[in-house]
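Given next are the chains, with one letter for each unit.
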Amino acid sequence: KKKKKKKGSSGINAEYGEVAPEEISDPVYTPPAEESAEESVESDKAVSEEDEDIAEEVAAPTVAPVEEPVEVVAEEDKDEEMAEPEEVVEAVEPDQDEEMAVSDDEDIAEEVPAEVVAPVQETRKTVKAPAMVVPAKPASLLKKEARAAELASKTAASSKKLATLKAARRKEIVKKTAKYYKQYEAADKEEVRLAREAKANGNYYVPAEARLAFVVRLRGVNNIPPKPRKIMKLMRLRQINNGVFVKLNKASKEMLRIAEPYITFGYPNLKTVRELIYKRGFGKVNGQRVAINDNTVIEQALGKYGIVCIEDLIHEIFTVGPHFKQANNFLWHFKLSCAKGGLRKINNHFVEGGDFGNREHFINNIVRRMN
């Protein structure tokens, strides 16, 4: 309050604006007046009362009320709680001094014997829960092993049965093959016998016309008229060096004559047919090109026509049997390599020293160079 009065007594006051400079005068020191002894004692009492009031106002919100001390007891196992008796600790009243509370805590700590903790630790070490009995194998594993054993027995039985059927079928195929080769050999001997007989009688032997032809495409796609292009498409000759078997009749001969400048064809023998099918033969199954690496591929496609193995397929193609159409359609067109040693001239006929046209039995030479 005294400081505020001193500031207010100055000549400058912000509320009333600035004071003229002539009104400001130098402060003059005036010594305080001497107070009497009674007045000084009364002022000291007033000051001490004011200080006590201010101290009570400040301390009231900050000083927290004394709370009762609460002991925190750790949770122990249920067995220990049931075994040990509960100890009740009297709480210290709030009006006691702090020294009394500390002494009570020390007394309680001394009263608790050390022997109470030791047996608990010993029981934890010695007492063990009974071991759970685990079976040697779970039920699910036993069931799985039983299923696997049953499946293995079934597969073993079926594989054994399949092996016996395969062996029996293989014997039949071997017998069929031997029969076919006897027929081929007999046909060749018959041709030789007839030629010798005709020569002995002074005649000429004219063999039967060929019934099978093998056609190979020589030219590309440039500068080809529509008709030859369509004929080669019908014959499945879409690329250079593609080859197919063709059954010779009046219609196929006319088609070969129209497309003659772009293809070469002839009459293959048994060796050429066998080598082509064994080496370059692929089957058509569901419109896909499938390698003929097992007789089951042929049996699934042509079994209903009595063609169950590759020798049946060769026999049907070479002899142009009753199911030649189905057998030839099953075979994918042959993709041959370029002729070893090259060609002579594809723009000239074979009889003129070129390559295209009918070469009759000389087709076997070029096929062996391209296979």
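Reading the values: the criteria
- Residues numbered from 1 in each chain as written.
- Predicted model: local features only at pLDDT ≥ 70, side-chain atom pairs only at ≥ 80, totals over all residues.
- Heavy atoms only, no water.
- Helix = DSSP H or I, 4+ residues; strand = E, 2+ residues; numbered from the N terminus.
- Buried < 20%, exposed > 50% of the residue type's maximum accessible area, 1.4 Å probe, protein only.
- Contact = heavy atoms within 4.5 Å.
- Areas by Shrake-Rupley, 256 points an atom, 1.4 Å probe, with all protein chains shown as cover.
- Salt bridge = Lys/Arg side-chain N within 4 Å of Asp/Glu carboxyl O.
- Pairing = 2+ DSSP bridges.
- Core = buried A, V, L, I, M, F, W, Y, C linked by side-chain atoms within 4.5 Å.
- Phe/Tyr/Trp six-rings, centres within 6.5 Å; stacked < 30°, edge-to-face > 60°.
- Polar contact = N/O pair within 3.5 Å; in protein donor to acceptor, adjacent residues only side chain to side chain.

Colleague: Could you clarify how one ought to interpret the overall build of the protein chain in this entry?
Modeller: Per the secondary structure count, the protein chain includes 13 helices and seven strands. Evaluated residue by residue, the protein chain yields a buried proportion of 23% over its 371 residues. Taking as baseline every contact in the protein chain between residues at least 6 positions apart, the subset at least 24 positions apart corresponds to 68%. Here the protein chain displays about 28800 Å² of accessible surface, and carbon together with sulfur accounts for 55% of that area.

Colleague: Help me out: how do you make sense of the pattern of salt bridges in this one?
Modeller: In total, this model carries eleven salt bridges according to the counting rule given. Close ionic contact of glutamate 185 with lysine 189 constitutes a salt bridge, the shortest N to O distance being 3.6 Å. Of this pair, glutamate 185 and lysine 189 both sit in helix H6 (residues 139–200), separated by four residues, roughly a single helical turn. Relative accessible area serves as the criterion here: at 53%, lysine 189 is assigned to the exposed category. Measuring nitrogen to oxygen at the nearest pair gives 3.0 Å for the salt bridge that ties arginine 257 to glutamate 254. Note that arginine 257 and glutamate 254 are positioned in helix H8 (residues 250–258) at a spacing of three residues, about one turn of the helix. We classify glutamate 254 as partly exposed; its relative accessible area is 38%. The network of salt bridges with common partners includes Glu190, Arg193 and Glu197.

Colleague: How should the sheet that holds strand S7 (residues 357–358) be read in this particular structure?
Modeller: A sheet is described by the order of its strands in space; here five strands give the open sequence S6-S2-S1-S3-S7, paired in mixed fashion. If you trace the sheet from one side to the other, it starts and ends with strand S6 (334–335) and S7, each paired once. Where strand S3 (residues 263–266) and S7 come together, two bridges link them in parallel fashion. Looking across to S7, one finds that phenylalanine 265 is bridged to asparagine 358.

Colleague: I'm lost on the environment of valine 297 in this one. Help?
Modeller: Of note, valine 297 is situated in helix H10 (residues 295–302). Given a relative accessible area of 14%, valine 297 falls into the buried group. When the C-alpha atoms of valine 297 and cysteine 309 are compared, they prove to be 8.6 Å apart, with twelve residues separating the residues in sequence.

Colleague: What exactly am I supposed to notice about the pairing of S3 here?
Modeller: A two-sided burial pattern is seen for S3, the buried positions comprising Ile263 and Phe265 on one face and Thr264 and Gly266 on the other. Across four bridges, the pairing between strand S1 (residues 212–217) and S3 is antiparallel. Its bridge partner lying in S3, phenylalanine 214 is registered against glycine 266.

Colleague: Help me understand the nonpolar core, please; the structure alone is not making it clear to me.
Modeller: Buried together is how nonpolar side chains tend to be arranged in soluble globular proteins. Of all hydrophobic cores here, the largest spans 31 residues; its most connected members are Phe214, Phe245, Ile277, Ile298, Leu313, Ile317 and Phe334. Those elements giving two or more residues to this core turn out to be H6, S1, helix H9 (270–280), H10, helix H11 (310–318), helix H12 (324–330) and helix H13 (363–370). The contacts of leucine 313, once residues within four sequence positions are left out, are Ile277, Ile298, Leu302, Ile307, Ala327, Phe330 and Leu331. Judged by nonpolar contacts, the second largest core, of 15 residues, contains Ile224, Ile231, Met235 and Leu256.

Colleague: Sorry if this is basic, but what is going on with the packing of aromatic side chains here?
Modeller: Here the distance between the centres and the angle between the planes together describe a pair of aromatic rings. For the structure shown, the criterion picks out six aromatic pairs. Taken together, the aromatic side chains of Tyr181, Tyr184 and Phe318 make up a single cluster linked through ring pairs.

Colleague: What exactly am I supposed to notice about the environment of aspartate 294 here?
Modeller: Checked against the element boundaries, aspartate 294 lands in the loop between strand S5 (288–291) and H10. For the pair aspartate 294 and isoleucine 310, spaced 16 residues apart in the sequence, the C-alpha separation amounts to 8.6 Å. A distance of 3.1 Å separates the side chain of aspartate 294 from the side chain of threonine 296, its partner in a polar contact.

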